[in-house]
Amino acid sequence: MAHSGTPGPAKDRAPQDPDITSSTPSTASTSPDLVSRRSLRTVKTPSSAPRAPKPTTAAPVAASTAQSTPAAKKRKGGWALNVAVMTVATGIIATMSIPAFALQEGGQSAAFGPSAEDAMKKAQAQSVEVAGGVAASAVSRDVATATSQQQLDAQKAAAAAEAARQRAAVSFASYASYSGPSVSDFLANPPYPSFSLSQVFSVAQQYIGTPYVYGGSTPAGFDCSGYVMYVYAQFGISLPHSVSGQAARGKRISIQDAQPGDIVIMPGHDGFYAGNGNIMDAPDSGRSISIRPIWTSDFYIVRLGI
């Protein structure tokens, strides 16, 4: 048996409290076999060594939140859609139910009672007496008519003729008041006893602007043959008051030989040749004596005084 003062084996001498260590190193502490538990903890986890960061669950939580957000939105949107569908369906059902609820059997309104039409349907049979003298009214149809182009042209021509007649009436009234020398006065005492075509044309030019008057033979108004007759009477040459009669009194010549003062003869019309293919004449109602181109090839020239 070992003595109590003699140190025993190392395991017997180890301190009972692991937290209690010797303040002074002993020979036994330097032995590699004698190591305290506190020193072992210090070696294993030194206080100066940095500790590893604890794992956090923030990233997974964020990920799970991000993943759950669309689902939550989807659930929220689906709820709103369900509410909207239920609202529309309720409105449709109410709309279809109102007419059936408002009207009762027999066409009567539940709120206002039977209508006048319903009351008449339920009334007794009625009769109306009609006098025997009443006759059925005749049915007439509106007939649409259109004016043709020919009718329009005829209306325009009639309007133009009426306007010309009125102008002729005014001219004839002025013609009737003329008091100057007449054809018979000139034939009795011709102011130009010497005949000359150039002088005939010069005298005829004095009456340019005189209005046309049917049957006129004075400066108050001329027709075509009355104009020729009045001018030639001043040279002592008597002519009838007609186109054909004046054509018979003259000598027919070619257009190449025609001179101003000769007479241009047309069917139903005549006048003085004005040179260069022109005629000076009293045209027709509404117009006056003027010089204008010969507008037709159906004419010939006669010369008087030869």
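The notes below deal with the structure included here. (Residues numbered from 1 in each chain as written. Predicted model: local features only at pLDDT ≥ 70, side-chain atom pairs only at ≥ 80, totals over all residues. Heavy atoms only, no water.)

Here the focus is unusual backbone geometry. Not every positive phi belongs to a glycine, and Asn 276 is a case in point at roughly 55 degrees. Assignment of secondary structure puts Asn 276 in the loop between strand S7 (269-275) and strand S8 (278-281). (Helix = DSSP H or I, 4+ residues; strand = E, 2+ residues; numbered from the N terminus.)

Now for the packing of helix H7 (residues 197-205) against helix H8 (residues 224-233). Relative to each other, H7 and H8 sit at 125 degrees, their axes nearing to 10 Å. Our classification of the angle between H7 and H8 gives oblique. Helix-helix and strand crossings are classified by hand; for H7 and H8 the assignment is right-handed. Contacts between H7 and H8 pair Leu 197, Val 200, Val 203, Ala 204 and Gln 205 from the former with Tyr 227, Val 231 and Tyr 232 from the latter. For the contact of H7 with H8, the residue count by class is seven nonpolar, one polar and no charged. (Axes fitted to C-alpha atoms, helices over the stretch in contact; angles between N-to-C directions. Parallel < 35°, antiparallel > 145°, perpendicular 65-115°, else oblique. Left-handed = near helix turned anticlockwise from the far one by under 90°. Contact = heavy atoms within 4.5 Å. Nonpolar A, V, L, I, M, F, W, Y, C, P; charged D, E, K, R; others polar.)

Turning to the environment of Pro 219, a few remarks are in order. When you line up the elements, Pro 219 lands in the loop between strand S3 (217-218) and strand S4 (221-222). Overall, the relative accessible area of 27% leaves Pro 219 in the partly exposed class. Distance from Pro 219 to Gly 180, taken between C-alpha atoms, is 8.3 Å for residues 39 residues apart in sequence. With residues up to four places along the chain from it excluded, the contact list for Pro 219 reads Tyr 178, Tyr 207, Thr 210 and Tyr 230. (Buried < 20%, exposed > 50% of the residue type's maximum accessible area, 1.4 Å probe, protein only.)

Here we take up the pattern of salt bridges. This model, assessed by the stated rule, comprises three salt bridges. Two residues, Arg 303 and Asp 262, come together in a salt bridge whose shortest N-O distance is 2.9 Å. Of this pair, Arg 303 sits in strand S10 (residues 300-303) while Asp 262 sits in the loop between strand S5 (251-253) and strand S6 (263-266), placing them 41 residues apart in sequence. On the basis of relative accessibility, which here comes to 16%, the residue Arg 303 falls in the buried class. (Salt bridge = Lys/Arg side-chain N within 4 Å of Asp/Glu carboxyl O.)

Let's shift gears to the sheet that holds S10. Spatially, the six strands line up as an open sheet ordered S5-S10-S6-S7-S8-S9, and their pairing is antiparallel. Strands at the two margins of the open sheet, each flanked by one partner only, are S5 and strand S9 (290-293). Averaged over all neighbouring strand pairs, the angle between strand axes comes to 45 degrees, with direction disregarded. Pairing of S7 with S8 involves three bridges; the strand directions are antiparallel. For Phe 272, the partnering residue across the bridge sits in S8 and is Met 280. Relative to S7, H7 is tilted by about 110 degrees, and along the sheet it contacts S7, S8 and S10. Strand contacts of H8: S6, S7 and S8, with the helix running at about 60 degrees to S7, the strand carrying the most contacts. (Pairing = 2+ DSSP bridges.)

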